[in-house]
Amino acid sequence: MKKIIYAFTALSFLTLISARTPKKGEAIFDDADNSQTPVIRPPENLPEPREIDTSLLCDKSATENARRLYNYLREMYGKKVISGQMENAWNANCNMLERVYKDTGKYPAIMGFDFMNYTSAYNTGRKQEVERAIKFWNGQDYKGNKISDKHGIVTFCWHWRDPLAPKGKTGDFYTKNTDFRIPYDTKTNKWDVSSEAYSAILEDFDVVAAQLSRLQEAGIPVLWRPLHEAAGNVGSFAGGSAWFWWGAGNQQGQTSTNADVCGQSYIALWKLMYNYFTQTKGLHNLIWVWNGQSQKFYPGSEYVDIIGNDIYESYLPSAKKSQVYKSNKNKFERFQSWDTTKITALTECGNLPDVSTDGALWSFFMVWNDGEWDSSINGVSKASGKNNFWSGDFFNSAEKKKEIYVKNSNVITLDELPDFTK
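Rules used in this analysis
Residues numbered from 1 in each chain as written. Predicted model: local features only at pLDDT ≥ 70, side-chain atom pairs only at ≥ 80, totals over all residues. Heavy atoms only, no water. Helix = DSSP H or I, 4+ residues; strand = E, 2+ residues; numbered from the N terminus. Buried < 20%, exposed > 50% of the residue type's maximum accessible area, 1.4 Å probe, protein only. Contact = heavy atoms within 4.5 Å. Areas by Shrake-Rupley, 256 points an atom, 1.4 Å probe, with all protein chains shown as cover. pLDDT = per-residue confidence, 0-100. Polar contact = N/O pair within 3.5 Å; in protein donor to acceptor, adjacent residues only side chain to side chain. Axes fitted to C-alpha atoms, helices over the stretch in contact; angles between N-to-C directions. Parallel < 35°, antiparallel > 145°, perpendicular 65-115°, else oblique. Left-handed = near helix turned anticlockwise from the far one by under 90°. Nonpolar A, V, L, I, M, F, W, Y, C, P; charged D, E, K, R; others polar.

Turning our attention to the overall build of the protein chain. Along the protein chain, the regular secondary structure elements total seven helices and 14 strands. By the burial criterion, 59% of the 422 residues in the protein chain qualify as buried. In the protein chain, of all internal contacts separated by at least 6 residues, the share reaching a separation of at least 24 is 71%. Looking at the protein chain as shown, the accessible area adds up to about 16000 Å², and 48% of this sits on carbon and sulfur atoms.

Structure follows, in structure tokens:
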């Protein structure tokens, strides 16, 4: 999430919610079905991922570089945590890669990008994510200057704007701002293939697939995290529901509170995308990261490579800072228990995790981007604020940033990565 200037439908700040933007509003995500109490295996009893088995990739035709990257992730899992930073996809002048380096003297090993503005009109037309990703993979900053001899790891998410938004209009992805829902009948288990909505979904697939194909042609493996946070705040807040349309069910113009219907519709959409991208479009550079936040939304092992969890600490609206990091060990173990054949990552966070003391050895973490708008500079400030997840000290103090990036030997930065091409 981030408080983006694009769809400013900030979710209610009335509850103890974290103020991060495009997905904001929930600090702790719980399973939509609170009745489920999965048995958690203690970390010490989990299998050690020493023997690397690339057959565990759900795409058996994965590219060599994708296999090498996945091997590395599995090899490091349980030993060290890979650092990551989400880039700002809506303001061209906000450069999170450089902001991290200026504060720590180190570059993150992973940079996160977003296809948010590729499938719908947007008033500033920011479509530079792929170019930035290619440069980062090549060990360059966004101006093309060499910053490392290593290949940076690339991850993409997709804040998918309304596929049926009128041409020339910027579609929204928030449930309350769009009537678009998944055209899938959970009673018959069939798609409404004759519907305008279904055709629009495939058209958007084509747009994003074309960009992912560019990355594949450049030899870049992608940690692909689509359809994120599908469960929204269902189960976490009384009367809550999914804030993104892909988690809101299958009735156009309505928001379902039936977790089964929402989950089944979502899973159908995930599988449709997976098969369309891998089979129809021949995309084999993708490592599929599922981030649905609830077991009811889990597509199954054969469609997922990594399980992700997004965690933003709660704070009072009057808070001046949110630097108190709470252990996420229980959440880590709970998500890990859903499918013990997968590695688990902290795919979004506000507060940097206490890697050495928490007991939650995520595969990687991804701090969200800055989004505190300063009209005096017509850009995103570097000051402290509830929408600046890296800059300033609202979420992370200067000392904490250096402790994680510089002093902690359990955290991997860009300069410590291996070569994923050989």
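A few words on the confidence of the model for the protein chain. Per-residue confidence for the protein chain gives a mean pLDDT of 85; residues scoring 70 or more make up 82%. Every residue in residues 1-52 scores below 50 in pLDDT, and together they form 170 contacts with partners more than four places removed in sequence or on other chains.

On to the side chain of Asn-408. With respect to the secondary-structure elements, Asn-408 resides in the loop between helix 7 (398-407) and strand 14 (411-412). For Asn-408, a relative accessible area of 6% translates into the label buried. Among the polar contacts listed, one links the side chain of Asn-408 to the backbone nitrogen of Asn-410, at a separation of 2.8 Å. If near-sequence neighbours (up to four positions away) are discounted, Asn-408 is found in contact with Val-355, Ser-356 and Glu-403.

Right, let's talk about the packing of helix 4 (residues 196-217) against helix 5 (residues 259-280) for a bit. Put simply, helix 4 and helix 5 touch, their axes get as near as 11 Å, and they point 50° apart. Between helix 4 and helix 5, the interaxial angle falls into the category oblique. In this structure, helix 4 meets helix 5 at a crossing whose hand is right-handed. The segment helix 4 lies against helix 5, with Tyr-198, Ile-201, Leu-202, Phe-205, Asp-206, Val-208, Ala-209 and Leu-212 engaging Leu-269, Leu-272, Met-273, Tyr-276 and Phe-277. A per-class count over the contact of helix 4 with helix 5 returns twelve nonpolar, no polar and one charged.

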